[in-house]
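Summary of the model geometry
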Amino acid sequence: MQSAADLTKQEQQRRQRQLARLIQPEFNPQRVLVLGDQGLAAALQALQVEAWGLAEGKGPALPDSWPQSYDLVVVQGSDVPAPPALPGSRVLFLAAEPEEPSALPAWAPALAQGGLQRDFSWKSWGLLSGAALYRPGSEDAAGLAQGYEEAMEALRLRLDRAEQSCRDYQKLTEHQRSELSAAHQHEQQLEGALSSVTGSHCWKLTWPVRYLLSKGRALWHSFPLFVLLAQLRQEGLAGLRQRRQDRRYYEENFPGQTFRAARLAPVELLVRQSKTQPQGPLISIVVPLYNTPLPFLTELLDSVVNQTYRNWELCLVDAGQDEKVGQAVAARMAQDSRIRYQKLAKNDGIAGNTNAGFALARGEYIALLDHDDILHPCALWYAAQAIVQEGADFVYTDEVTFEGKVENTTLYHLKPDFMLDNLRANNYICHLSVFQAALLQAAGGGERGEYNGSQDYDLYLRLTEQAQKIVHIPHVLYYWRSSPTSVASGIEAKTYCIEAAIKALYAHYARLGVAVDEVSMIPDTPGFYKTDYTIQRPGLVSILIPSCDHAKDLRTCVDSIYAKTTYPHFEIIVIENNSKEEETFRTYERLERQHPDSFRVVRWEGTGFNYSALNNFGARFAQGEYLLLLNNDTEVITPRWLEEMVMFAQQERIGCVGAKLLYPDDTIQHAGLGFGYLTLAAHMHKNFPVANPGYMGRLIYAHDVYGVTGACLMIRRTLYEEVGGLDESFAVAFNDVDFCVRVHKAGYQNLFTPFAMLYHYESKSRGLDESPEKRARFVSEVTRFQTRWKAELAAGDPCLNPNFDIDRDDFRIKLQPLE
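Just so you know, these numbers come straight off a predicted model, no measurement behind them.

Remarks on the overall build of the protein chain
Within the protein chain, the regular secondary structure consists of 24 helices and 29 strands. Looking at the 819 residues of the protein chain, the share that counts as buried comes to 52%. Total accessible area on the protein chain stands at roughly 36800 Å², and carbon and sulfur atoms take up 54% of it.

As structure tokens, this is what we get:
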């Protein structure tokens, strides 16, 4: 388990690497001295820069063995005294922490004596709070004054925006208070109305009639004769006869001592599956036992014996000391020869005991079952069907946790089809998993003791690396018992699991040759992990921003990019779309003057608003390896937003990369698209609070999605051209979804990352489709989209689960019946 100190240290190291990646291309220094070093010198050395560092609090004197002059001196923190003579011609001041003051005031006399003046023209000025660069002064007083004025103007604009945001939040708070007050008043009115009704003479006098009607309805639905008459009317005599035969077959073939199969599935389904056996392989169910409570063991055995698929064996390996466990198993073995048992000489841990079960198994396929959990009676039948019909060598199902009785479900885990990025962020596969024994050998054999606690995670990573056909069965077929010490009740109950999982991920990347900087637990979310991939293709990002007037929105967007972005290689291309206001063109001129090397405006000569045509036009002028489609009504929040997107966009298997977009009230506007939801596509988790982890943590980790919004979408330029760019027949609506579908069908995986976060003010510059012409255009685009992707819409979204209600965007569960 990573301690708070470890997490703080990791964050500090990450920040130092960011600083190094900013400093190296910006200043191209040969020798760097870091005063108040927190690891920056080492990070610069990793970039092939000669660097020396003195820790914070050390005196200004340099060791005799060090050079006495440097291209750049970096001062971090506030406790760094100024030396008698400056050891370099350029001095960069940085706060050691985002909220910490710099040492600049203490250094002011030395800077003045050395003739150094503050420089506001360097590219990354304003990128970091408290950052200041000093270099030899210029005799051009006019130029210096202009630089100061431009800097002050930028600060004034930022202050104006901050004050406006405060006013907006104040209005929003007042509005919410008003709504809350109105809701309280309405509640009081309803309570008063209810009290007046229940306190009336009429209500009291009619109580006997209501009571008799209620009891009569209950009797009608429960009295055996009435139930029989209802069934006879619905099914006829033949149906009743079949029902009776099924019940007799069930009683003979699904015994169960304490746990009957009919608690989880209709008798008709159990009988039908039992009579129609898939011609599948022998499945060995491996269960390591360790002092298993007898009631739990009995329920587990009942759930296995009552499987509708009959070609199985149960391999129990016991490392515990409770002799009653062996006796209970022996009694069951006398009743069913498919149950096998081995008493282990010693406890080799979870991995070692499971491997003993693998050695005992004779089946062509293996299933893993924990010693206190329950299998749905149809679980193996569905797995065997997937093996026979689809040739699966790895199968997994949905699952649910429960407390006490199996009916007391606490959490449904409805999973997507196999998604590599999801698996790299958390062990979402988990239970039930069935895999080919030959696949286990190809993946390097059984479980490994060095990953105890996350041994299954390591195993699934290795198995899926080698698997040829992975099939997900979207039915809840595994019941995971939650207890105070089980991982089902929270992985924090077993903190060593987290360390083992991170270790397993590092090993996974090493096997595949994937370069990563770091794998870490996402703070405050045990069981979820973040991978920082090494950016091996740090190409130029061309940010395409269509814009028509709304100069203030554009300034907010562009200024936030320059003020916060830590990724050094980007250009901004604004696609001017027939603006009318003079303020818009003054804004263009100011931004071009402030950022002459990385900002430009290109003018589209078309008419109206066509988002697809605008971006396709802008892409012609792009020089970058990556294209980033960005709305002009956005504002950057996270400084590493481009790094977080580039690290995925550089990967050949990845197509479109999307970011987490927030409304101004810090609720979710976009966190990935659900394809087929709300009839076409929906922003999943829309209006969730930003602090909400989302369904099974989906708002806090990077994962695969069918599509992302074009309001902030990154893609490799070559791939953009490969699929033909945006379809210009979708002028306003569904152009981004159509684009993502085409990328998906071309064999690439689209992805959402929550670590790139921006505000999105939701199409302010376009307005709502309220006019008859706009409504007609919208209907036309909807019809064309539904026609083009009819088959894909019918197939559903593999990145989600068919047990979610497609008429909602909040992951509301609507379980599909078993077939």
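Once the structure has been displayed, the description carries forward.
Quick word on the packing of helix α15 (residues 455-466) against helix α16 (residues 496-512)
Direction vectors running N to C along α15 and α16 enclose 20°, while the axes themselves pass 9 Å from each other. With respect to α16, the axis of α15 lies roughly parallel. Handedness of the crossing formed by α15 with α16: right-handed. When α15 is examined against α16, the residues Y457, D458, L461, R462 and E465 are found in contact with a partner set consisting of A501, A504, L505, H508, R511 and L512.

Remarks on the pairing of strand β17 (residues 529-533)
With five of five residues buried, β17 is to be regarded as a mostly interior element. Alternating positions in β17 separate into two faces, Y529, T531 and Y533 on one and K530 and D532 on the other, with burial throughout.

Here's the deal with the pairing of strand β20 (residues 599-603)
One ladder, built from five bridges, connects strand β19 (residues 570-576) with β20; its direction is parallel. Paired with E576 across the strands is R603, a residue of β20. Read as a crossover between parallel neighbours, the route from β19 over helix α18 (residues 582-594) to β20 is right-handed.

Looking at the pattern of salt bridges
By the definition in use, this model includes 33 salt bridges. For R462, the salt bridge goes to D458, with nearest N and O atoms at 3.1 Å. With R462 and D458 both in helix α15 and four residues apart, the pair spans about one turn of that helix. Linking E571 and R600 is a salt bridge whose minimum nitrogen-to-oxygen distance equals 3.7 Å. Here E571, found in strand β19, pairs with R600, found in strand β20; they are 29 residues apart in sequence, far enough to count as distant. Assessed through its relative accessible area of 7%, E571 is described here as buried. Here the residues in one salt-bridge network are K530, D532, R640 and E644, joined through shared partners.

Points about a nonpolar patch on the surface
Judged by side-chain polarity, W207, Y211 and L212 come together as a nonpolar surface patch covering roughly 370 Å² of accessible area. Looking at the secondary structure, you find L212 in helix α6 (residues 207-222). Judged by its relative accessible area of 60%, L212 falls in the exposed class.

Looking at helix α17 (residues 551-564)
The end-to-end C-alpha distance of α17, which contains 14 residues, comes to 20 Å, matching closely the 20 Å that a straight helix rising 1.5 Å per residue would cover. For α17, the buried fraction is high: twelve of the 14 residues fall into the buried class. Looking only at α17, the buried set comprises A551, D553, L554, R555, T556, C557, V558, D559, S560, I561, Y562 and A563.

So, α15
Taking 1.5 Å as the rise per residue, α15 with twelve residues should run 16 Å; its terminal C-alpha atoms sit 17 Å apart, in good agreement. The element α15 is largely enclosed, with a buried count of ten among its twelve residues. Buried within α15 are the following residues: Q455, D456, Y457, D458, L459, Y460, L461, R462, L463 and T464.

Let's talk about the packing of α17 against α18
Two elements in contact, α17 and α18, have axes separated by 9 Å at closest approach and are oriented at 20°. Looking at the two axes, α17 sits roughly parallel to α18. Crossing angle aside, the handedness with which α17 passes α18 is right-handed. For the pair α17 and α18, contact is made by A551, L554, R555, V558 and D559 and by E583, T584, T587, Y588, R590 and L591, respectively. Of the residues belonging to the contact of α17 with α18, the class tally is five nonpolar, two polar and four charged.

Here we look at the sheet that holds strand β4 (residues 91-94)
The strands that make up a sheet are held in pairs by hydrogen bonds between backbone atoms, and each pair lies either parallel or antiparallel. One open sheet holds the six strands; their spatial order is β2-β1-β3-β4-β6-β5, and the pairing between them is mixed. Since the sheet does not close on itself, it has two edges, and those belong to β2 (50-55) and β5 (116-118), each with one partner. Neighbour-to-neighbour, the strand axes of this sheet turn through a mean angle of 20°, independent of strand direction. Pairing geometry for β4 and strand β6 (residues 132-136), over three bridges, is antiparallel. Note that in β6 the partner of F93 across the bridge is A132. On top of the sheet, helix α3 (residues 104-113) reaches β1 (31-37), β3 (72-76), β4, β5 and β6; it is set at about 165° to β4, its chief contact.

Looking at the side chain of H376
Secondary-structure assignment places H376 in the loop between β11 (374-375) and α12 (379-390). With a relative accessible area of 2%, H376 lands in the buried category. Of the polar contacts made by the side chain of H376, one reaches the backbone oxygen of L264; its length is 3.0 Å. The residues contacting H376, other than those within four sequence positions of it, are L264, A265, Q307, V476, L477, Y479 and L818.

Concerning the environment of W604
Tracing the chain through its elements places W604 in the loop between β20 and α19 (611-619). Excluding residues that lie within four positions of it along the chain, W604 makes contacts with I575, E576, N577, N578, N610, A613, L614 and F617.

Considering the environment of A108
With respect to the helices and strands, the residue A108 is situated in helix α3. Residue A108 is classed as partly exposed on the basis of its relative accessible area, which comes to 38%. Remark: the alpha-carbon pair of A108 and A82, spanning 26 residues in sequence, is separated by 8.8 Å.

As for unusual backbone geometry
Cis rather than trans, the peptide bond between H431 and L432 has omega equal to -20°. Assignment of secondary structure puts L432 in the loop between α13 (420-425) and β14 (433-436). Backbone geometry at Q48 places phi at a positive 65°, although glycine is not the residue there. For Q48, the position within the fold is in the loop between α2 (40-45) and β2.

What about the nonpolar core?
The tendency in soluble globular proteins is for nonpolar side chains to be buried side by side. Ranked by size, the top nonpolar core spans 79 residues in total, and within it I543 and W641 carry the most contacts. Setting aside residues up to four positions removed in sequence, I543 forms contacts with I561, F570, E571, I572, I573, L628, L630, W641 and L642. Counting 47 residues, the second largest nonpolar core, distinct from the first, contains F254, L301, I339 and L432.

Conventions adopted
- Residues numbered from 1 in each chain as written.
- Predicted model: local features only at pLDDT ≥ 70, side-chain atom pairs only at ≥ 80, totals over all residues.
- Heavy atoms only, no water.
- Helix = DSSP H or I, 4+ residues; strand = E, 2+ residues; numbered from the N terminus.
- Buried < 20%, exposed > 50% of the residue type's maximum accessible area, 1.4 Å probe, protein only.
- Areas by Shrake-Rupley, 256 points an atom, 1.4 Å probe, with all protein chains shown as cover.
- Axes fitted to C-alpha atoms, helices over the stretch in contact; angles between N-to-C directions.
- Parallel < 35°, antiparallel > 145°, perpendicular 65-115°, else oblique.
- Left-handed = near helix turned anticlockwise from the far one by under 90°.
- Contact = heavy atoms within 4.5 Å.
- Pairing = 2+ DSSP bridges.
- Right-handed = clockwise from strand over helix to strand, strands pointing away.
- Salt bridge = Lys/Arg side-chain N within 4 Å of Asp/Glu carboxyl O.
- Patch = residues over 30% accessible without salt bridge, like charges linked within 9 Å, V, L, I, M, F, W, Y side chains within 5 Å.
- Expected span 1.5 Å × (residues − 1).
- Nonpolar A, V, L, I, M, F, W, Y, C, P; charged D, E, K, R; others polar.
- Polar contact = N/O pair within 3.5 Å; in protein donor to acceptor, adjacent residues only side chain to side chain.
- Core = buried A, V, L, I, M, F, W, Y, C linked by side-chain atoms within 4.5 Å.

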